[in-house]
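Chains, contacts and geometry: an overview
So you can see what is in the structure, the chains are spelled out below.
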Amino acid sequence: MSTNNHWGEFTSASDADTSITMTTTEREHMQKPCHMEIEGPRLHQQKSSPAPTTDVSDVCSVDPVTLHTIQLLQYASQLRQLISSIQQQLGSMKSDTVDNAANTSYVSMPPMPVMNKPLACFRTQSFGFVEKNLDSDFAQGKGDILPDFDGETIHKLTKRSVAAITAQTGYDTSLESVLETLTDIGQDYLSEMCKLLRVAVDREALTGTLGFADAVEQVFHEMGIGSIRSLHYFYQTRVLSRHSSVLQECQRLQCKYEHLQSAPRETRQAESWKNIK
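Counting from 1, residues in each chain are numbered in the order their sequence is written. This being a predicted model, a pLDDT of at least 70 is required before a residue's local features are given, and a value of 80 or more before pairs of side-chain atoms are given or counted; all residues contribute to the totals for chains, interfaces and linings. By convention in this description, side-chain values take in all heavy atoms of the structure and omit both hydrogens and water.

1. Comments concerning the overall build of the protein chain
Rules: Starting at the N terminus, helices and strands are each numbered in turn, a helix being any DSSP run of H or I of at least four residues and a strand any DSSP run of E of at least two. Buried residues are those whose accessible area, probed at 1.4 Å on protein chains only, stays under 20% of the maximum for their type, while exposed residues exceed 50% and partly exposed ones sit between those limits. Any pair of residues with heavy atoms lying within 4.5 Å of one another is described as a contacting pair. Each accessible area is a Shrake-Rupley result for a 1.4 Å probe, and residues are judged covered by the shown protein chains and nothing else.
Tallying secondary structure elements over the protein chain gives eight helices and zero strands in all. Its helices and strands taken in sequence order, the protein chain reads α-α-α-α-α-α-α-α from the N to the C terminus. Per-residue burial for the protein chain yields a buried fraction of 18% across its 277 residues. Residue pairs in contact within the protein chain that sit at least 24 positions apart in sequence constitute 76% of those at least 6 positions apart. Put simply, the protein chain shows about 21,900 Å² of open surface, and 55% of that area lies on carbon and sulfur atoms.

2. Regarding the packing of helix H3 (residues 64–92) against helix H5 (residues 151–169)
Applied cut-off: All axes are obtained by fitting lines to C-alpha atoms, using only the stretch in contact for helices, and the reported angles, taken between N-to-C directions, cover 0 to 180 degrees. If an angle is under 35 degrees, it is roughly parallel; if it is over 145, roughly antiparallel; if it lies from 65 to 115, roughly perpendicular; otherwise it is oblique. Throughout, a crossing is termed right-handed when the near helix is turned clockwise from the far one, and left-handed when it is turned anticlockwise from it by less than a right angle. Ten residue types, Ala, Val, Leu, Ile, Met, Phe, Trp, Tyr, Cys and Pro, are classed as nonpolar, four, Asp, Glu, Lys and Arg, as charged, and the remainder, Gly among them, as polar.
Put simply, H3 and H5 touch, their axes get as near as 9 Å, and they point 50 degrees apart. The orientation of H3 with respect to H5, classified from their angle, is oblique. Crossing geometry of H3 relative to H5 is assigned as left-handed. Facing H3, whose interface residues are Thr66, Thr69, Ile70 and Leu73, H5 presents Ala164, Ala167 and Gln168. Classifying every residue of the contact of H3 with H5 by side-chain character gives four nonpolar, three polar and no charged.

3. Remarks on the pattern of salt bridges
Applied cut-off: When a carboxyl oxygen of Asp or Glu lies within 4 Å of a side-chain nitrogen of Lys or Arg, that pair is called a salt bridge.
Tallied over the entire structure, the rule returns six salt bridges. Between glutamate 249 and arginine 80 there is a salt bridge, with its nearest N and O atoms 3.4 Å apart. Taken together, the positions of glutamate 249 in helix H8 (residues 229–276) and arginine 80 in helix H3 put the pair 169 residues apart, joining distant regions of the chain. Glutamate 249 gets classed as partly exposed once you look at its relative accessible area, which sits at 24%. With its nearest N and O atoms 3.0 Å apart, the salt bridge here joins glutamate 180 to lysine 159. In this pair, glutamate 180 sits in helix H6 (residues 176–207) while lysine 159 sits in helix H5, placing the two residues 21 residues apart along the sequence. Look at the salt bridges and you will find they share partners, linking Arg80, Glu249 and Arg252 into a network.

4. A word on the nonpolar core
Threshold: To define a nonpolar core, start from buried Ala, Val, Leu, Ile, Met, Phe, Trp, Tyr and Cys residues and group those joined through side-chain atoms within 4.5 Å.
Leu79, Ile83, Ile86, Cys250, Leu253 and Tyr257 are the most contacted members of the largest nonpolar core, which has 13 residues in total. For this core, the secondary structure elements donating two or more residues are H3 and H8. With seven residues, H3 is the largest single contributor of residues to this core. Every residue in contact with isoleucine 86, bar those within four places of it in the chain, is listed here: Tyr106, Tyr257, Leu260 and Gln261. Grouped together as the second largest cluster of nonpolar side chains are seven residues, Leu210, Ala215, Val219 and Met223 included.

5. Some thoughts on the environment of histidine 221
Positionally, histidine 221 belongs in helix H7 (residues 215–222). Here histidine 221 falls in the partly exposed class, since its relative accessible area comes to 41%. Ignoring any residue separated from it by four or fewer positions in sequence, one finds histidine 221 in contact with Phe212, Gly226 and Ser227.

6. Quick word on H6
Condition: A helix's residues, less one, multiplied by 1.5 Å, set its expected span.
Helix length check: H6 (32 residues) gives 47 Å between terminal C-alpha atoms against 46 Å at 1.5 Å per residue, within 8%. Turning to H6, its buried residues are Leu179, Thr183, Met193 and Ala200. The elements touched by buried residues of H6 are H5 and H7. Following H6 by one or two positions, glycine 208 adopts a phi angle in the positive range, close to 85 degrees.

7. As for the environment of glutamate 258
Note on placement: glutamate 258 falls in helix H8. The partly exposed category is assigned to glutamate 258, whose relative accessible area is 43%.

What follows is the structure, encoded as structure tokens:
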């Protein structure tokens, strides 16, 4: 090899090492193009038997107390209609047709909806700080695996939850555009909360501290909710107390309906005592 070459220069053919010799067969074999085996993309092939799908209602169900409150509101509306019907019938009857009023039959009072679980199961005392248990099944990721929902399914679940909240508040009907707007607002709110929770958990894993008792506590303060106790207070006052109030209203309407049903009978008895005297 020549010693006059500089760094970066190509070696000329005359200076190349020609000590390696190849036969004609080897040279032809090297020059012959070979077929390269390339693994194709792994496409998802749908099977003949589709995988079992998870029912959304089994994973995300409406709170039983909220659902029973909605049923009681519908029951109260039905009782008001029956009471209004009886009052109209009694007002249209004349005083000389007391016997006909007493013999008039009315629609029997429908039964009140009943909860599947006792209400005492949902009344809990105010909870305090709970130490972390890293050995629990929840911390180790054990338990039932929740299915992955697409955007459309999440939107439907959020819309159903928003409809349940508005119905529990007392709204009977709503425009579709209003419900969609409330759904978008609720979905954006929950997305922002989940993003902040992700940041808080990553910060705790990086620094080992948060300044709060829990990552959820920090996110609640950042979102303006307050302490975790605010969530407990909300459920006790806005869900359980609302249920008790609606239940008392239904019981009051039942007593009023029974009184109106017995009013013609009491009128006839009063007329009988008057005739005897």
